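Coordinate inspection notes
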Amino acid sequence: MLQVRASPAFLPSTSSPPSSSQAPPPFPLSGKSQRRRGGLVAVPQASRVARRSVMAAAGAAAAAPAAAKLEDADALIDSVETFIFDCDGVIWKGDKLIDGVLETLDLLRSKGKRLVFVTNNSTKSRKQYGRKFETLGLSVDEEEIFASSFAAAAYLQSIDFPKDKKVYVIGEEGILKELELAGFQYLGGPTDGDKKIELKPCLYMEHDEDVGAVVVGFDRYFNYYKVQYGTLCIRENPGCLFIATNRDAVTHLTDAQEWAGGGAMVGALLGSTKQEPLVVGKPSTFMMDYLAKKFGITTSQICMVGDRLDTDILFGQNGGCKTLLVLSGVTSLQTLQSPDNSIQPDFYTNQISDFLTLKAATV
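My aim in this report is to walk through the structure given alongside it, one point at a time. What you see is a predicted model; the values in this text were computed from it and never measured. (Residues numbered from 1 in each chain as written. Predicted model: local features only at pLDDT ≥ 70, side-chain atom pairs only at ≥ 80, totals over all residues. Heavy atoms only, no water.)

1. A few points about the sheet that holds strand β11 (residues 211–216)
- Ordered by their spatial adjacency, 5 strands build an open sheet running β10-β9-β11-β12-β15, and the pairing between neighbours is parallel. The outermost strands of the open sheet, each flanked by one partner alone, are β10 (185–188) and β15 (278–279).
- Docked against the sheet, helix α5 (residues 148–158) engages β9 (166–170), β11, β12 (241–244) and β15, running at close to 145 degrees with respect to β12.
- Lying over the sheet, helix α6 (residues 173–181) contacts β9, β10 and β11, oriented at roughly 165 degrees with respect to β9. (Pairing = 2+ DSSP bridges. Helix = DSSP H or I, 4+ residues; strand = E, 2+ residues; numbered from the N terminus. Contact = heavy atoms within 4.5 Å. Axes fitted to C-alpha atoms, helices over the stretch in contact; angles between N-to-C directions.)

This is the structure we're talking about:
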């Protein structure tokens, strides 16, 4: 059952009382965080504002009418200046380009539309994603790509995360590369994939007390060592942040089936720490706010195109954008039209190449 709910990035956990290590809200109005005992603390006013804005967006989504099938592609294209595309399930599945994507992107560029690609997949950096686009025959600038690996580093920059603090990474190379480019110290990542814990009487596991944030993303090298290390940092280091790149339940590692997503790794840390993570990927509006500021975009002039209701479409709705669901990924028409689903996009269509056929039908 799909329900509209505010992102954990903005709402505090109700399952446990607040503690000194509770993560701050993602958007301090001052642009800076207060310091306490080497960590970071919340700015209450920002928390209230963020909470109200997301709850309002969630309420609006719940009351929205049923999605309309896209019939006039030209009208939608002409109504916005920018298209934000999710990648997995929209542009590609695994390492296979979805039919008609190249021609569709060319059409939109020929009409002067800005194209931006936003993915919750944190395994690659922006530069690495640029190479993937190139391998698939697509010409996309690095500045047009925003992965949740980049969002994690950008968020830490936005709160002036202390440069003398370290980041423990449960994730893959993409997060490490983006943290390095942002000038942050880190440890963990794939190198901890081979580490094991041999339990014996009186075993005590050491951890780095200078870790001020634990970033959790999709991790094919996930193990118990990482769970325990991240748990110790979050629970025992004063003010240590628990940051999730995303909470996607499944992902497209291949075009043959769905695979367990980053939400599985995040869920393990949530279970052991009893703390909700601060989510920087979709549906949190952190990347939307970042994009709007970077490109000078008015969000009402954006159309968010994605295949997931509770990340892509909610991301667009939370940001005040038009939304288009494509059925080429994880969401079926049956799921969209189920009475249990309260997340309704403005429009839906089979895949983005329908822009080409629907355009031809209206000429």
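Next comes the rest of the write-up.
2. Section: the pattern of salt bridges
- Under the criterion given, the structure shown has 13 salt bridges.
- A salt bridge links Glu144 to Arg109, with the shortest nitrogen-to-oxygen separation between them at 3.1 Å. Taken as a pair, Glu144 in the loop between α4 (126–135) and β8 (145–147) and Arg109 in helix α3 (residues 101–110) lie far apart in primary sequence, 35 residues in all.
- Arg109 gets classed as partly exposed once you look at its relative accessible area, which sits at 32%.
- Note that Lys166 is salt-bridged to Asp208, the shortest N-O span being 2.7 Å. Of this pair, Lys166 sits in strand β9 while Asp208 is found in the loop between β10 and β11, placing the two residues 42 residues apart along the sequence.
- Relative accessible area serves as the criterion here: at 22%, Lys166 is assigned to the partly exposed category.
- Given a relative accessible area of 19%, Asp208 falls into the buried group.
- Sharing partners across several salt bridges, the network here consists of Asp86, Lys282 and Asp312. (Salt bridge = Lys/Arg side-chain N within 4 Å of Asp/Glu carboxyl O. Buried < 20%, exposed > 50% of the residue type's maximum accessible area, 1.4 Å probe, protein only.)

3. Looking at the sheet that holds strand β18 (residues 347–349)
- Taken in spatial order, the 7 strands make up an open sheet running β3-β18-β17-β16-β4-β7-β8, and their pairing is parallel. Two strands close off the open sheet at either side, each with one partner strand: β3 (68–69) and β8.
- As defined by bridge partners, strand β16 (residues 302–306) adjoins strand β17 (residues 322–326) across 4 bridges and the pair is classed as parallel. Following the sheet pairing, Met304 is matched in β17 by Thr323.
- Set on the sheet, α4 makes contact with β7 (114–119) and β8; between it and β8 the angle comes to about 120 degrees.
- Taken strand by strand, helix α10 (residues 309–318) contacts β16 and β17, and its axis lies near 160 degrees from that of β17.

4. A look at the environment of Pro283
- One can find Pro283 in the loop between β15 and α9 (286–295).
- Judged by its relative accessible area of 10%, Pro283 falls in the buried class.
- Each C-alpha atom, one on Pro283 and one on Arg247, is 9.3 Å from the other, the two residues being 36 residues apart in sequence.

5. Some details on the nonpolar core
- Counting 35 residues, the largest nonpolar core has Ile84, Tyr155, Leu156, Val167, Leu179 and Ile243 as the members making the most contacts within it.
- Where this core is concerned, the elements lending two or more residues are β7, α5, β9, α6, β11, β12, α9 and β16.
- The element best represented in this core is α5, accounting for 7 residues.
- Each of domain 1 (78–120 + 283–356) and domain 2 (161–279) contributes no fewer than three residues to this core.
- Leu105, Leu107, Val140 and Val326 belong to the second largest nonpolar core, which has 32 residues in total. (Core = buried A, V, L, I, M, F, W, Y, C linked by side-chain atoms within 4.5 Å. Domains from an automatic or database assignment.)

6. Let's talk about the pairing of strand β4 (residues 82–85)
- Of the two faces of β4, the one holding Thr82 and Ile84 and the one holding Phe83 and Phe85 are both buried throughout.
- Relative to β7, β4 is paired through 4 bridges, and the arrangement is parallel. Among the inter-strand pairings, Phe83 is bridged to a residue of β7, identified as Leu115.
- In this sheet, β16 lies alongside β4 in parallel orientation, the contact comprising 4 bridges. Residue Phe83 lies in a different strand from β16, and its bridge partner there is Cys303.

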